[in-house]
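Examining the three-dimensional arrangement
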Amino acid sequence: MEYLIGVDGGGSGTRALVHRTDGQAVGAGRSGPSALGQGIPQAWDNVLLAARRGFETAGLPVPSWSRCALAAGLSGVSHAPWRDEFLALDPGFARLEADTDSFTMLLGAHGGQPGVIVIAGTGSIAEALRADGLRATVGGWGFRVDDEGSGGWLGLQAVRHGLAAFDGRVNASPLARRVWMHCGDERETLQEWCSVSGQFEFAQLARAVFECEATDPVAARMLQDATQALEDLALAIDPRGRLPLAIAGSIGERLAPRMRPALRGRLVPAQAGAAEGALMLARRAVRKETEAAL
C-alpha cells in the first residue's frame, strides 16, 4: 500500500486528496456529485474521477487501486442500504472506508480530536466526537421534515411566505416579491416551480432572505429563527458545553456571529475540511490494520 485517498462527496461535487502513506501530499482532484441518493454508480464514477485527477495533477500515473487506501465522507452514507451497495461495488482498493460527510467534516475541523460541529449549508446537522470516543448526531433528518436553520429551510419559509402573500393572507413584503421574481408571479407558474423543485432549488432563495433583512421584518424574523435553530442543535448535542464548537457551511458561517454570547465563546475555527478529515479516517484504518497484523 503506497497511497491514501481522502474523499469529500456531496450533492454538488466531489473533492479528493491524495497522500503517500508517509504523509507526503501528492495532489488534489475534483469531479461531479457523489451523494449516494443521486445513484451509487454515479457516486463511484465521480469518486474515482476525482482520485485519478489527484494523481494527474501531480504528474503521476494512476496506480492500481490495490496500492491505495480510500476513505470517503459521502452524503447519504447514513442510509444503510446505500452504504452497503456503495461498499459492495468496491473496485479493488487495499482498504475502503465510508462514513458521513458530516463526520469527516468534524474530524477535519478539530484535527481528529473531540469536538462538536454544527453544519448549515443546503441542509443542517450537528455531529460530536466525545472524549471517550463515542459519536453523537442531532438533526439531519432531511429537507421536508427537518434541516432547520439551513439554506433549504430558509428558502422553504420564504416560498411559504410568498404563497401566502400571493393569496392575500399576509401583506406582500419585499421578500414575497423576490419569491415571485424567482419562482413566478402567477398561480400556475408558482405551482409548477414548487412541484419540480428540491432542496437545492429552495436553498437558492436563502440569499434573498439575507438581502431583504434590513427592509423586511419577515425576513429578519426568519434569520432569527434560523439562528435559534442552530443554537438548539449545538445545545442538544453538548448540553454542558464542554467541547469546542466549530460552525461550517455557507449559512452557518453567516449566522455564527448572531449566536448568543455563551455559544460564541466556545467557537473555534475549523482546522481543515472534510477531505482532510477523510484522510485521517484512511490513516486510522491503515494503522488499525497494521497493528492487528503484528
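Read on for an overview of the structure. Everything numeric here is computed off the predicted structure, so don't read it as measured data.

Some remarks on the environment of Tyr 3
Its location among the elements puts Tyr 3 in strand S1 (residues 3-9). Between the C-alpha atom of Tyr 3 and that of Ala 25, which follows or precedes it by 22 residues, the distance is 9.7 Å. If we skip the residues at most four places from it in the chain, Tyr 3 touches Val 18, His 19, Arg 20, Thr 21, Val 26, Phe 55, Leu 60, Pro 63, Arg 67, Cys 68 and Ala 69.

Observations concerning the nonpolar core
One finds Val 118, Leu 154, Leu 175 and Val 209 to be the most contacted residues of the largest nonpolar core, which totals 41 residues. With residues near it in sequence (within four places) discarded, Leu 154 still touches Ala 206, Val 209, Phe 210, Met 222, Leu 223, Ala 226 and Ile 251. One finds Tyr 3, Ile 5, Val 18 and Trp 65 within the second-largest nonpolar core, a separate group that totals 25 residues.

What about the environment of Ala 128?
Among the structural elements, Ala 128 can be located in strand S7 (residues 124-129). Residue classification places Ala 128 among the buried residues on the basis of a relative accessible area of 0%. The sequence separation of Ala 128 and Leu 243 amounts to 115 residues, and the corresponding C-alpha distance is 8.5 Å. The residues touching Ala 128, leaving out its near neighbours within four places in the chain, are Leu 106, Gly 115, Val 116, Leu 134, Arg 135, Ala 136 and Ile 237.

Concerning the sheet that holds S1
What links the strands of a sheet is backbone hydrogen bonding, and the strands pair in either a parallel or an antiparallel sense. Strand order in the open sheet formed by five strands is S3-S2-S1-S4-S5, and the pairing between neighbours is mixed. Two strands lie at the open edges of the sheet, namely strand S3 (25-31) and strand S5 (95-100), each paired on one side alone. Neighbouring strand axes in the sheet, compared pairwise and without regard to direction, differ in orientation by 15 degrees on average. In terms of strand pairing, strand S4 (residues 68-74) meets S5 through six bridges, oriented parallel. Residue pairing in the sheet places Gly 73 in a bridge with Asp 99 of S5. Against the sheet, helix H1 (residues 40-57) touches S1, strand S2 (14-20), S3, S4 and S5, its axis set at about 140 degrees to S3. Where helix H12 (residues 274-293) meets the sheet, it contacts S1, S2, S4 and S5, and its direction lies at approximately 140 degrees from that of S1.

Digging into the packing of aromatic side chains
Tallied over the entire structure, the rule returns seven aromatic pairs. A centroid spacing of 4.9 Å and a plane angle of 35 degrees characterise the contact between Trp 65 and Phe 93, whose relative ring orientation is tilted. One end of the pair, Trp 65, is in the loop between H1 and S4; the other, Phe 93, is in the loop between helix H2 (80-88) and S5, and 28 residues separate them in sequence. Given the relative accessible area of 11%, Trp 65 is considered buried. Judged by centre distance (6.4 Å) and plane angle (85 degrees), the rings of Phe 166 and Trp 180 are edge-to-face. Placement of Phe 166 in helix H4 (residues 151-167) and of Trp 180 in helix H5 (residues 174-183) is noted, with a sequence separation of 14 residues between them.

Considering the pattern of salt bridges
Under the definition given, this model contains ten salt bridges. The closest approach of N and O atoms between Arg 169 and Asp 167, which form a salt bridge, is 3.1 Å. Here the salt bridges share partners, and the residues they tie into one network are Asp 167, Arg 169 and Arg 187.

Here we look at the packing of H4 against helix H9 (residues 217-237)
Packed helix pairs are specified by the crossing angle of their axes together with the interaxial distance, meaning the distance between the axes. Two elements in contact, H4 and H9, have axes whose closest approach is 11 Å; the angle formed by their N-to-C orientations is 150 degrees. Viewed along their axes, H4 and H9 adopt a mutual orientation that is roughly antiparallel. H4 and H9 meet at a crossing whose hand is right-handed. Residues Trp 153, Leu 154, Gln 157, Ala 158 and His 161 of H4 form the contact with H9, whose own contacting residues are Val 218, Met 222, Leu 223, Asp 225 and Ala 226.

Digging into the packing of H4 against helix H6 (residues 187-196)
Axis separation between H4 and H6 bottoms out at 12 Å; the angle between their running directions is 160 degrees. In this view, H4 runs roughly antiparallel relative to H6, as classed from their interaxial angle. Judged by the sense of rotation from one axis to the other, the crossing of H4 with H6 is left-handed. Contacts between H4 and H6 involve Val 159, Leu 163, Phe 166 and Asp 167 from the first element and Arg 187, Leu 190, Trp 193 and Cys 194 from the second. Within the contact of H4 with H6, the residues separate by chemical class into six nonpolar, no polar and two charged.

Some words on the side chain of Thr 227
Relative to the helices and strands, Thr 227 is located in helix H9. With residues up to four places along the chain from it excluded, the contact list for Thr 227 reads Leu 255, Arg 258 and Met 259.

Section: the pairing of S2
Across the seven residues that make up S2, a large majority, five, are buried. As paired elements, S1 and S2 share seven bridges and run antiparallel to each other. Residue pairing for S2: Tyr 3 is matched across the bridge by Arg 20. Here S1 folds back onto S2, and the loop between the two strands holds four residues. Pairing between S2 and S3: six bridges, direction antiparallel. The residue of S3 that forms the bridge with Leu 17 is Ala 28. Here S2 folds back onto S3, and the loop between the two strands holds four residues, one of which, Gly 23, carries a positive phi near 100 degrees.

About the cut-offs
- Residues numbered from 1 in each chain as written.
- Predicted model: local features only at pLDDT ≥ 70, side-chain atom pairs only at ≥ 80, totals over all residues.
- Heavy atoms only, no water.
- Helix = DSSP H or I, 4+ residues; strand = E, 2+ residues; numbered from the N terminus.
- Contact = heavy atoms within 4.5 Å.
- Core = buried A, V, L, I, M, F, W, Y, C linked by side-chain atoms within 4.5 Å.
- Buried < 20%, exposed > 50% of the residue type's maximum accessible area, 1.4 Å probe, protein only.
- Pairing = 2+ DSSP bridges.
- Axes fitted to C-alpha atoms, helices over the stretch in contact; angles between N-to-C directions.
- Phe/Tyr/Trp six-rings, centres within 6.5 Å; stacked < 30°, edge-to-face > 60°.
- Salt bridge = Lys/Arg side-chain N within 4 Å of Asp/Glu carboxyl O.
- Parallel < 35°, antiparallel > 145°, perpendicular 65-115°, else oblique.
- Left-handed = near helix turned anticlockwise from the far one by under 90°.
- Nonpolar A, V, L, I, M, F, W, Y, C, P; charged D, E, K, R; others polar.

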